[in-house]
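Fold and geometry: a report
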Amino acid sequence: EQMEDRDAVSWNTVIAGYARHGFGKEALEVFDMMRATSTKPDDITLVGVLAACSHSGLVEKGISYFYSMHHDFGVTAKPEHYTCMIDLLGRAGRLDEAQGLMKDMPFEPDATMWGALLGASRIHRNSKLGKSAAEKIFELEPENAGMYVLLSNIYASSGKWRDVGKMRVMMEDRGVKKVPGFSWMEVQNKVHTFSVGDCVHPEKEKIYAFLEDLDMRIKKAGYVSATEMVLHDVEDEEKEHMLKYHSEKLAVAYGILNIPVGRPIRVIKNLRVCGDCHNAFKYISAIEGRLIILRDSNRFHHFRDGSCSCGDYW
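Heads up: these notes are all about the structure in this document. (Residues numbered from 1 in each chain as written. Predicted model: local features only at pLDDT ≥ 70, side-chain atom pairs only at ≥ 80, totals over all residues. Heavy atoms only, no water.)

Some words on empty space enclosed by the protein
What counts, and what does not: Buried and open spaces are told apart on a 1 Å grid over the protein atoms alone, a cavity being a set of points where a 1.4 Å probe fits but cannot get out and a pocket being an open set with protein on both sides within 12 Å along at least five of seven lines. Residues with an atom within 4 Å of a point are the lining residues. Grid points are joined across faces, edges and corners, and a volume is the space filled by probe spheres set on the points. Put simply, DSSP H or I for four residues or longer makes a helix, DSSP E for two residues or longer makes a strand, and each gets a number counted from the N terminus. In this classification, Asp, Glu, Lys and Arg are treated as charged, Ala, Val, Leu, Ile, Met, Phe, Trp, Tyr, Cys and Pro as nonpolar, and every other residue, Gly included, as polar.
The tally for this structure, following the rule as stated, stands at two cavities of 30 Å³ or more. In terms of residues, the lining of the largest cavity owes the most to one element, helix α11 (residues 204-220), which gives four residues. Taken together, the residues of the lining of the largest cavity sort by class into four nonpolar, no polar and three charged. If you trace the second largest cavity, you find it lined by Phe194, Asp198, His201, Lys204, Ile207, Tyr208 and Leu250. Here the lining of the second largest cavity gets three residues from one element, more than from any other, and that element is α11.

Details of the environment of asparagine 144
What counts, and what does not: Within 3.5 Å is the distance limit for a polar contact, defined as a pair of N or O atoms, with the added protein rule that one can donate a hydrogen and the other accept it, and that residues adjacent in sequence qualify only through two side-chain atoms.
Secondary-structure assignment places asparagine 144 in the loop between α8 (127-140) and α9 (145-157). Sequence-wise, asparagine 144 and lysine 177 are 33 residues apart; in three dimensions their C-alpha atoms are separated by 9.1 Å. Here the side chain of asparagine 144 touches glutamate 141 through a polar contact of 2.9 Å, side chain to side chain.

Regarding a positive patch on the surface
The condition that has to hold: Residues enter patches when their relative accessible area tops 30% and they take part in no salt bridge; the joining distance is 9 Å for like charges and 5 Å for the nonpolar side chains Val, Leu, Ile, Met, Phe, Trp and Tyr. Only the protein chains shown count as covering a residue, and every accessible area follows the Shrake-Rupley method with a 1.4 Å probe. By convention in these notes, a salt bridge is any Lys or Arg side-chain nitrogen within 4 Å of a carboxyl oxygen on Asp or Glu. Here the positive residues are Lys and Arg and the negative ones are Asp and Glu; neither His nor the chain ends is included. By convention, charge coordinates are those of NZ in Lys, CZ in Arg, CG in Asp, or CD in Glu.
Side chains of Lys131, Lys160, Arg162 and Lys166 sit close together on the surface and give a patch of like positive charge. Locating lysine 131 in the fold gives a position in helix α8.

Digging into the environment of glycine 262
Our working definition: A simple rule labels every residue: compare its accessible area, found with a 1.4 Å probe on the protein chains alone, to the largest value its type can have, and call it buried under 20%, exposed over 50%, or partly exposed in between.
By the element assignment, glycine 262 lies in the loop between α13 (247-258) and β3 (265-269). A residue is classified by how much of its surface remains accessible, and glycine 262, at 73% relative accessible area, is exposed. Separated by 29 residues in sequence, glycine 262 and leucine 291 have C-alpha atoms that sit 8.2 Å apart.

So, the sheet that holds strand β5 (residues 300-304)
Worth spelling out the cut-off: Here a strand pair is declared whenever DSSP counts at least two bridges between the two strands.
Here six strands make up an open sheet; going across it, the order is β2-β1-β3-β4-β5-β6 and the pairing mixed. Each edge of the open sheet is held by one strand with a lone partner, namely β2 (190-195) and β6 (307-308). One ladder, built from six bridges, connects strand β1 (residues 182-187) with β2; its direction is antiparallel. Its bridge partner lying in β2, valine 187 is registered against lysine 190.

Now the structure itself:
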């Protein structure tokens, strides 16, 4: 607002920033402000706009912008725009339309596009489509460990443990190693790093005791462990135990204990946040009355008063 001259870069940065944080409506408001100036939207602007629509569930708006952007702004759709649209349609459960768009594209789908379709298959538990998308990714990026794990998640949520086992064997045969998950946060100019089931942090006993209490309180409020997220065929009680000590949960617990009330709890994770932790943080934000900002490998999540800025479109 203090800039005298705003070029496309400044507008695009703000639009993309809002999109990454799940504030789709705010991103589109900035886009409307940009259109009221002499600065012409470019292909990067439209990537931000479509991403904002995708991450906020604004499906019809996204479709409208995609099919009008050449006429309205002279922007020809590039692979990045198609990826956003596949992601948009897939998240909304319109998987047939997403596949149709991929078939009609003027170029071959890349690993990112197949990844968007695989992610949508996980959300809507379509293991057949997930397997098909994963096979394409394995051809293009055979060492992409995240995609093997994503397909394993789809199989596990459907109780297909034999297929989960096959994925483990495939990863071993191809020498693909799962990247271990870590979460970290800064408190009083010191970075604290956590791993799943962390047993080396100097305040581990205090953290675990607080997590046990917190777990009971959020369950009373309605939280149910997403045991289908665990990639092991074990009893539900053991699955709940495994979910309870994910790295991001440990980091958030440490943040609540050490960051003064009124200040946000900021956590960074090197991988995508798991569905169970995402759900738990909504309850924790309400019960503790805290703003939790989690930045995972894909985007930012703002948990406040029992909801997330992504609107569960992530």
